[in-house]
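Here is what each chain is made of, one letter per residue.
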Amino acid sequence: MASRLPFQPTLIVLAVLSVCAAAQAQEAKPAEDAVVVVTGFRASLNSALNTKKNSDGIVDVIKAEDIAKFPDANLAESLQRVPGVSLTRGDGGEGKQITVRGLNAGFTRVRINGIEGVTATGASDINGSTNRGRGFDFSVFASELFNSLEVRKTSEAGIEEGSLGATVDLRTARPFDFKGRTFSLGGQESWNGLSRKAEPRVTALYSDRWDTPIGKIGALASVAYSKRTVQEEGYEAVELLSASQDGGFCSPLGYAPQNPVNTPAKGITATSCGFGVPRTSSTAAYSDVMGRTDNYGGTVANPAAGSGAFAPRIPRYRRSLTNYERTGLTGSAQWRPDSKTELNLDLMGGKFVNDRYDNYISAISFGRTLGQSNGKPQSSITDAHFDSNGSWDYGKFNAVDIRTEGLLDKYTTMFRQHVVSGSRQVTDRFKLDFLSGVSNSDLDEPMRATVQFDSPNVNGFSFDFRNNRNVPALNFGMDVANPALFSFAPQEADGTFHGQFVGRYLHTKNKLRTNAVNASFEVNDNITLRGGLSNRKNTWTNVEIASGGNGLALPAGTTMAGITRQIDGFGRGLGGSGVPASWTAVDLDKFRQVYDIECHCSKVPGSEYNLLGQVNRGVEEGINALYGMVDFKYDVGPVGLRGNVGVRGAETKATSFALLNANGVLTPATVEHKYRDVLPALNVTASLPQDVLLRFSAGKTLSRPEYTDLAPLATLSTQNQSVNIGNPNLDPIRARTYDLQAEWYYAKNALLSVGYFRKEINTFIQGVSERAVFSSLGLPDSVLIGGGCSITGGTPACPTLPDTVVTVGRKVNTPGGPLNGFEVNLQAPFSFLPGVWSNFGLLANYTHVDSKITYVTRVDNPNTPANELLSKQANFTGLSPNAHNITLFYEDPKFSARVSAAHRSAYLLNVLGDVAGHDFTVVDGSTNVDFSVSYNITPKLRVSLEGQNLTDTPLRYGRDLQRNDTLLYVHSGRSFVVGMTYKY
C-alpha cells in the first residue's frame with residue numbers, strides 16, 4: 001500500500017496545518033493586506049519582461065511565480081530556460097552548474113543579495129569529482145529561498161569584474177516586497193522511478209511590516225527542507241588505454257617476441273604468464289590486436305605494437321545511491337526611517353548533507369602493470385573484433401582479475417552569508433549607497449572510504465559492444481553473485497592482489513568579503529554621474545589527506561558472505577542484454593565491524609593518514625576596484641537613446657601557497673602575483689517606433705584563473721599515471737566583447753528578439769600535456785609513496801615508479817580566439833485567440849555558438865625530437881554549439897499547466913590531442929522534458945503535480961571522434977512531485 005500512495009502522510013499533515021492557518025488568517029487581517037506583487041506563471045513572465053525591457057544592458061530575468069515558488073523545482077533548471085544558458089547535471093541527474101553562451105561555470109559569477117558567492121559539493125570521479133573551483137553549484141540551495149534571478153550577459157562599469165560568461169544575480173525575499181503580513185506553507189512529496197522512494201520537501205515563509213515612530217520596519221524569515229534518495233545506474237570504462245600500455249598483453253605460446261619476458265619470481269616462463277597462468281592466447285586474435293598501431297598525431301616515429309587498439313581500462317557496471325538532505329534559511333530586516341533612507345540586513349544559511357554509496361563490479365587487469373599486481377601482462381586475448389571505425393567492440397580474455405568495490409562518500413556543504421546594505425538620498429540629485437557582506441562556503445568530507453574484494457586470474461571475461469554501443473554485455477567468466485569466489489587478503493609475494501582499502505579526508509573552504517560604496521549625481525534630466533569603489537578579499541583553502549593499504553587478512557571465522565551483500569534488480573532501463581541482474585557487493589558497515597578502516601589509527605595498519613603525501617594548498621586574492629560612469633538619456637527625433645558608458649579599474653594581488661613534500665619534510669611554498677586591468681564598457685539602447693528596442697554593448701572583461709590551477713603544487717594520480725603541476729603566475733583570461741540585439745515588444749507581455757554576440761578572447765588558460773619519465777620532472781620521489789607501497793623493489797610496488805612514463809599536465813596562458821553566436825527568443829501569449837485558447841502561451845528560444853580556440857595539445861618536450869609542438873582548433877570545452885528551449889503553457893484563474901523541453905547539442909569535455917591516441921572526450925547531446933500542473937482549490941490553497949526528466953535522458957561520454965568509444969553511460973530515472981501550498 002505504501003508504494004501505491006507514497007505522498008499520503010505528508011499531504012495529510014499539510015492539509016491539517018492549512019486548515020489551522022486558514023482559521024488564524026481570518027482573524028488576523030483582511031485578505032487585501034496579503035496581496036503578493038507577482039502571482040501565477042503568466043504574471044511572473046510579465047514582471048520579468050518589464051525588468052528586461054527597462055534594463056540598459058542585455059539582461060534576462062526569471063521571477064518567482066508566487067511566494068516561494070519558482071517555475072521549476074530546481075533553480076538551475078529554471079536558469080536553463082534563459083536563452084544561451086545550458087545545464088550541467090550532477091550525480092542523479094539534478095541540475096548542478098550552468099554554462100552561458102558556451103562558457104562553463106568557471107566563467108560565470110553568481111551573486112546572492114549583491115555579493116559574490118561560491119558553493120562546492122562532491123561528485124563521483126567520473127562526473128568531475130569534488131568541485132574545488134570557482135564554479136557555483138546550484139544544487140546546494142532550494143529554489144524556494146529566492147524570488148528572482150537575473151542573468152546579465154553584458155558588462156557594465158558599475159558591476160564587479162570577473163565574469164566572461166555572465167553575472168547571475170539571485171535575490172532572496174525581503175519584507176517590503178509584500179504589501180503586508182504574508183504567510184506561506186508548502187509541502188511536496190517526490191518519487192523517483194529508479195530509486196522508488198517517496199520523500200518530503202517542505203517550505204515556509206513569514207513576513208510582516210509595521211509603521212512605527214521611527215519609520216517603517218519589516219522582518220521576514222523563510223525555511224526550506226527537502227530529503228531525497230537518488231539512484232543512478234550505468235557503465236563506465238574509466239579510461240581507454242591502448243593494448244601497448246602498461247606492459248601489453250600476454251603473448252601466445254611460441255609467439256615472438258615473447259611478452260612478458262621470463263621472470264622466475266612471478267612464474268613467467270615460455271609457457272606461462274605467471275604461476276598457474278598458462279599462455280592460452282589465440283594467435284590470430286593477439287596478432288589482430290597487436291598489429292594495430294597509432295603514431296599519436298605523427299609524433300611517434302615507430303609506434304608500439306598494439307598502440308592503435310583501445311580497450312576499457314576498467315570496464316565496470318555502477319550503481320550509485322545518493323541520500324541527501326537540503327536545508328535552507330533566510331532572514332531579512334528592513335528599515336525606512338523616512339522616504340529618503342533605507343537600511344537592509346539579509347541573512348542566508350544553507351546545509352547540504354550528502355551520503356553517496358557507489359558499488360561497482362569490474363575487470364581491473366587492463367589498467368595494471370606487471371609491477372603493480374600482475375595485471376595486464378598476465379591476461380591473454382582469446383578473441384577480438386573491431387568495427388569499421390577501429391573501435392575494439394568485442395574482446396574475450398583469460399587470467400583477468402575481477403573486482404567488486406564499494407565506496408561511501410559522506411560530505412556536507414555549509415553556506416553562510418550576511419549582507420548589510422543601505423542608501424541615502426542626500427539631496428534631490430545626490431544619492432549614496434553602500435554594501436558590506438561576507439559569504440562563507442565550507443565543504444567538509446570526513447569520509448570517502450573504498451573497499452575492494454578481488455577474484456584473481458579468472459578465465460572467460462569478455463566485453464561486447466556489438467549489440468549496444470552504449471552499455472556492453474560484460475561476461476565476468478564467473479558467478480559474480482557468489483561471495484565465496486572473492487577474497488580479501490594481503491598481496492602475495494608474486495604480486496597477486498586480493499583487494500585493498502582506500503580512504504580520503506577533504507576540506508575545502510571559500511570565504512568572500514565585499515565592501516563597496518557608490519554615489520550618483522543627477523546633473524540634469526539627461527545625465528547622471530555614477531562612481532564607486534570596492535574592496536574584495538577571496539580566500540580559498542583545500543586540504544586532502546589519503547589513507548589505505550592492502551596488508552590486512554580476514555580474521556579466522558570471517559567469511560566473504562559475512563561482509564558482503566547483494567546488488568539486486570540492476571539494469572532497469574539500460575537497454576542491453578548480458579547485464580547481471582545481481583552481484584556480490586561490499587557491505588561497508590559489516591566490513592568496518594571487522595576492521596574499522598576509518599579509525600585512521602595504528603590498530604588498523606594502512607588506515608593511518610598519509611600526512612606527508614597530503615594536498616594542502618590555498619589562494620588569497622585581494623581585489624581593489626574603482627569605477628566612473630555616465631548614465632545618459634536623450635531623444636534624437638523619434639528615437640530615444642539611453643544607456644551608460646564608463647570604465648572600471650581593478651588591481652588583483654593573488655598569493656598562492658602549498659605544502660610540498662621535500663624528501664620527507666613538509667615545506668611551505670608561497671608565490672605572489674599581481675596584475676592590473678582597465679575595463680571600459682558601453683551600453684546603448686535605442687527606443688524605436690512600434691515598441692522596438694535596439695541594444696548595443698561593448699566592453700573589456702576578464703575571468704580569473706581557477707584556484708586549483710594557481711596553487712604551486714604537484715598532484716599525482718597513480719590510477720591514471722598522470723601528474724598535474726600548478727602555476728601560480730597565471731594571468732586571467734581577458735576578452736573584448738560585443739553584443740547587438742533587437743527586441744520587438746509586438747503585443748502586451750509579448751517579445752520577439754534576435755541578438756548577435758562576439759567575444760574576442762585575447763588570452764586563454766588551458767592545460768597542456770606531455771609524456772615524460774617521472775624522474776625528469778624535478779619532483780621528489782617521496783610523492784610516489786602512499787599506502788605503504790615501495791619504489792625500491794619491495795612489495796607492494798608503488799603504481800608509479802621513478803622510471804614510469806607519466807602524462808604531465810600543467811595550465812599555461814595561451815593565445816585565445818573568437819567566440820561568435822546568435823540568440824532568438826520568443827515570448828508569445830496567445831491572447832489574440834478566442835475563448836479558452838487565449839489562456840495558452842509559448843516560450844521558445846534558440847542559441848547557436850561557434851568558437852575557435854587554439855589548443856596546445858602537445859608541448860615541445862626537450863627529451864624528444866624537436867618541433868613536435870602540436871595544436872588543434874576546436875570549440876570551448878563545455879560549449880554546445882546549439883541549444884534550444886520550448887515551453888507551452890496554459891493558465892486561467894484556477895488551473896495552470898506547462899510542458900517544457902530543453903535541448904543542448906553535444907559538447908567537448910576534454911581536448912586530448914592524441915597524447916594517448918584520443919582527440920576529444922565528447923558529451924552526447926541531450927533533451928530533458930518536464931511538466932507542471934497546479935490547481936487553486938481556493939485563492940489561498942493550491943495543489944500541484946510536477947514531472948521531471950520524463951524521457952529518462954541518459955548521460956553519455958564518448959572518447960575519440962572517429963571511434964566514439966563509450967567512456968560513461970548512466971541514467972537516473974523519472975521523477976514526480978505532488979504538493980500542496982497554503983498562503984495568506
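For the structure itself, look to the data block above.
Residues numbered from 1 in each chain as written. Predicted model: local features only at pLDDT ≥ 70, side-chain atom pairs only at ≥ 80, totals over all residues. Heavy atoms only, no water.

All told, the structure shown has 40 aromatic pairs when counted by the stated rule. Between the aromatic rings of Phe107 and Phe876, the centroid separation amounts to 6.0 Å while the plane-to-plane angle is 85 degrees, which identifies the pairing as edge-to-face. Of the two residues, Phe107 sits in the loop between β3 (95-100) and β4 (108-112) while Phe876 sits in the loop between β38 (870-874) and β39 (882-891), which places them 769 residues apart along the sequence. There is no split in this pair, since Phe107 and Phe876 are both buried. A centroid spacing of 6.3 Å and a plane angle of 75 degrees characterise the contact between Tyr317 and Phe476, whose relative ring orientation is edge-to-face. (Phe/Tyr/Trp six-rings, centres within 6.5 Å; stacked < 30°, edge-to-face > 60°. Helix = DSSP H or I, 4+ residues; strand = E, 2+ residues; numbered from the N terminus. Buried < 20%, exposed > 50% of the residue type's maximum accessible area, 1.4 Å probe, protein only.)

With that settled, the discussion passes to the state of the cysteines. Within this structure, the stated rule accounts for two disulfides. For Cys250, the disulfide goes to Cys273, at an S-S distance of 1.6 Å. Residue Cys250 is located in the loop between β11 (240-242) and β12 (272-274), and its partner Cys273 is located in strand β12; the two are separated by 23 residues in the primary sequence. Residue Cys599 pairs covalently with Cys601 via a disulfide, S to S 2.1 Å. The chirality of the disulfide connecting Cys599 with Cys601 is left-handed, given an S-S dihedral of about -80 degrees. (Disulfide = S-S within 2.5 Å.)

The next subject is the sheet that holds β4. Strand pairing in a sheet relies on backbone hydrogen bonds. The paired strands run either parallel or antiparallel. On the basis of which strands lie adjacent, the open sheet formed by five strands has the order β1-β6-β7-β4-β5 and mixed pairing. This sheet does not close on itself; its edge strands, each paired only once, are β1 (59-63) and β5 (115-116). Each of β1 and β6 (146-152) touches helix α2 (residues 41-54); the most contacted strand, β1, lies at about 155 degrees to it. (Pairing = 2+ DSSP bridges. Contact = heavy atoms within 4.5 Å. Axes fitted to C-alpha atoms, helices over the stretch in contact; angles between N-to-C directions.)

A few words on the sheet that holds strand β17 (residues 380-386). Taken in spatial order, the four strands line up as β17-β18-β21-β22 in an open sheet, and their pairing is antiparallel. In this open sheet, the two edge strands, each paired with only one partner strand, are β17 and β22 (473-475). Within the sheet, the average angular offset between the axes of one strand and its neighbour, ignoring direction, is 10 degrees. Where β17 lies against strand β18 (residues 392-398), six bridges are found, and the strand directions are antiparallel. Looking at the pairing, Asp383 lines up with Lys396 of β18. Contacts between helix α4 (residues 283-290) and the sheet are confined to β17 and β18, with β17 contributing the most and set at about 60 degrees to the helix.

In short, shape yes, function no, at least from these values alone.
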